[in-house]
Amino acid sequence: MSGKLLPVLLLALYLAVGSVQSQGSPQDAFIIQYLERRLAQMEERLNQCEQSTVTVTQKTYDLSSEIRSFLSTVSVLRSDVRSQVDSVAVRVDRMERELEYLENKIPTQSDIEMEEALLEQQIKAAEQEQLKKKAKIKVEKDCSTALSQIKSLKIVKRTGDTSGSWFKDPSEGSAKVYLLSGIRNNTLLEYVSLRSFAERTTTPPATVVQLPFHWQGTGHVVYNGFLYCHKAETPNQILKVELLNGTVVDSTLLPGAGRLPVYSLNPNTYLDLAVDELGLWVIHADPEYGGNLVITKLDKATLAVEYTWDTQCKSRDAEGAFLICGTLYVVYNTRYGGRSTIQCLYDIHDTIHSDESPVMFFPKRYTSHSSIHYHPGDKQLYAWDDGYQTIYKVETRRNDQVPAE
């Protein structure tokens, strides 16, 4: 409108100016200049008004778009709320029916008393069975040895990766030494003796055993010529491998294991196998018990689980553990490497307890262990210490020399 009106006004002005100029008087010229200024101001204000109108129109359009989007969202939310209310109504109705059913099924007081008595009998039977199994393990082989101190250390060699495991076959009459370097591989080195292993130039050379699978972690053992290890890419599969030909002769899945590392300072080891005077064991951590360590006795021939004990020893800040005569000794350290200490133990025979045993320190060497294996014949610990293959001599005594409760 303003764009059409302005040319008309200007045309009228020019005609009037022309008419006045034709008459030619000074007063008329002043009036004409005044009118021209006023028309220029009007033109400027009309332009501003037009711009403001365009801006308001655009804002109105944007606001209407936002309102339409909001209304669409509100409609969707209303549909969701309606469906949830309907679902809640259905659940409430179902709950009412189930409560009514349960009310009809609640046993009488006499039934409850009978069930409590039956439960108590079952608990007593389970406790007796546990005591029988503990007694059975103790009777099979007299073992009343307890660790009293770690006397000395000897660095035998430095070879392989920073992490790994090495040990002797603890079976009677065997002098062979085995080395598994790293945390995941399919190779095992076999040496005829500890002396052969310690020599710079091994004579005869080590036997390289190539396995048809990869092992994982550092918790392996060799027992009676068989390798027991954790198979890689599986959470809890234990393999028994005949080293003469590298073939798997048996395997088992350990219930409840493999969900978190057995020791927090060795995050790649989920199963730690061990051998002591009583036979073959496996150590793991169970998240259902707050990450505490669990020890399981295995049949070395069939890998069948003989019994499992839940311990009070934490996996947090632990770097390794070993067993002596059915007693678990847990080694703790710091994640930066420090002086290793034994701060927790668990005896399956309940003859020694952590609160009665003092903290035991390893000989001064401020590093960390990726594996620790006890040899029941040598009474020594074979440890992998930041790439160094180390032997610790231990001192033991009979359990009856340990203060009893």
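Residues numbered from 1 in each chain as written. Predicted model: local features only at pLDDT ≥ 70, side-chain atom pairs only at ≥ 80, totals over all residues. Heavy atoms only, no water.

Regarding the sheet that holds strand β10 (residues 272-276)
Here comes step 1: Strand order in the open sheet formed by four strands is β10-β11-β12-β13, and the pairing between neighbours is antiparallel. Only two strands of the sheet have a single neighbouring strand rather than two, namely β10 and β13 (305-314). Between one strand axis and the next, the sheet turns through 25 degrees on average, direction left out of account.
Here comes step 2: For strand β12 (residues 292-298) and β13, the ladder comprises six bridges, and the chain directions are antiparallel. Bridging across to β13, Val-294 finds its partner in Asp-310. (Pairing = 2+ DSSP bridges. Helix = DSSP H or I, 4+ residues; strand = E, 2+ residues; numbered from the N terminus. Axes fitted to C-alpha atoms, helices over the stretch in contact; angles between N-to-C directions.)

Points about a nonpolar patch on the surface
Here comes step 1: Taken together, the side chains of Leu-63, Ile-67, Phe-70, Leu-71 and Val-74 present a nonpolar region at the surface, about 480 Å² in accessible area.
Here comes step 2: Positionally, Ile-67 belongs in helix α2 (residues 26-105). (Patch = residues over 30% accessible without salt bridge, like charges linked within 9 Å, V, L, I, M, F, W, Y side chains within 5 Å. Areas by Shrake-Rupley, 256 points an atom, 1.4 Å probe, with all protein chains shown as cover. Salt bridge = Lys/Arg side-chain N within 4 Å of Asp/Glu carboxyl O.)

Things to note about the pattern of salt bridges
Here comes step 1: Under the counting rule described, the total for this entry stands at nine salt bridges.
Here comes step 2: Measuring nitrogen to oxygen at the nearest pair gives 3.6 Å for the salt bridge that ties Glu-190 to Lys-176. Of this pair, Glu-190 sits in strand β4 (residues 184-191) while Lys-176 sits in the loop between β2 (164-168) and β3 (177-181), and the two are 14 residues apart along the sequence.
Here comes step 3: Classification of Glu-190 as buried rests on a relative accessible area of 15%.
Here comes step 4: We classify Lys-176 as partly exposed; its relative accessible area is 34%. (Buried < 20%, exposed > 50% of the residue type's maximum accessible area, 1.4 Å probe, protein only.)

What to know about unusual backbone geometry
Here comes step 1: Phi angles above zero are rare outside glycine, and Asn-224 is one such case at about 55 degrees.
Here comes step 2: Topologically, Asn-224 is positioned in the loop between β6 (221-223) and β7 (226-230).
Here comes step 3: Under the relative-accessibility criterion, Asn-224 is labelled partly exposed at 38%.
Here comes step 4: Notably, Leu-303 is not glycine yet its phi reads approximately 65 degrees, a positive angle.
Here comes step 5: Here Leu-303 shows up in the loop between β12 and β13.

Examining the side chain of Asp-286
Here comes step 1: Here Asp-286 lies in strand β11 (residues 279-286).
Here comes step 2: Side-chain polar atoms of Asp-286 contact the side chain of Arg-259, separated by 2.9 Å.
Here comes step 3: A distance of 2.9 Å separates a polar atom in the side chain of Asp-286 from the backbone nitrogen of Glu-288.
Here comes step 4: Among all residues touching Asp-286, those that are not within four sequence positions of it are Gly-256, Arg-259, Leu-260, Gly-291, Asn-292 and Val-294. (Polar contact = N/O pair within 3.5 Å; in protein donor to acceptor, adjacent residues only side chain to side chain. Contact = heavy atoms within 4.5 Å.)

Concerning the sheet that holds strand β18 (residues 369-375)
The strands making up a sheet associate through backbone hydrogen bonding, with each pair oriented either parallel or antiparallel.
Here comes step 1: Ordered by their spatial adjacency, four strands build an open sheet running β1-β20-β19-β18, and the pairing between neighbours is antiparallel. Here the strands that pair on one side only, and so sit at the sheet edges, are β1 (145-158) and β18. For this sheet the average axis-to-axis angle between neighbouring strands, irrespective of direction, equals 20 degrees.
Here comes step 2: With six bridges joining them, strand β19 (residues 380-385) and strand β20 (residues 388-398) adopt antiparallel strand pairing. In the strand pairing of β20, Leu-381 is matched with Tyr-392.

Focus on the packing of aromatic side chains
Here comes step 1: Taken as a whole and assessed by the stated rule, the structure comprises eight aromatic pairs.
Here comes step 2: Ring centres 4.7 Å apart and planes at 65 degrees place the aromatic pair Tyr-307 and Trp-309 in the edge-to-face group.
Here comes step 3: For Tyr-307, a relative accessible area of 17% corresponds to the buried category.
Here comes step 4: Residue Trp-309 is classed as buried on the basis of its relative accessible area, which comes to 1%.
Here comes step 5: Lying over the aromatic face of Phe-226, Lys-240 brings its terminal NZ or CZ to 4.5 Å of the ring centre.
Here comes step 6: The ring of Trp-281 has Lys-297 lying over it, and the distance from NZ or CZ to the ring centre is 5.9 Å. (Phe/Tyr/Trp six-rings, centres within 6.5 Å; stacked < 30°, edge-to-face > 60°. Lys NZ or Arg CZ within 6 Å of the ring centre and 35° of its normal.)

Honestly, that's just the spatial picture; any functional story needs more than this.
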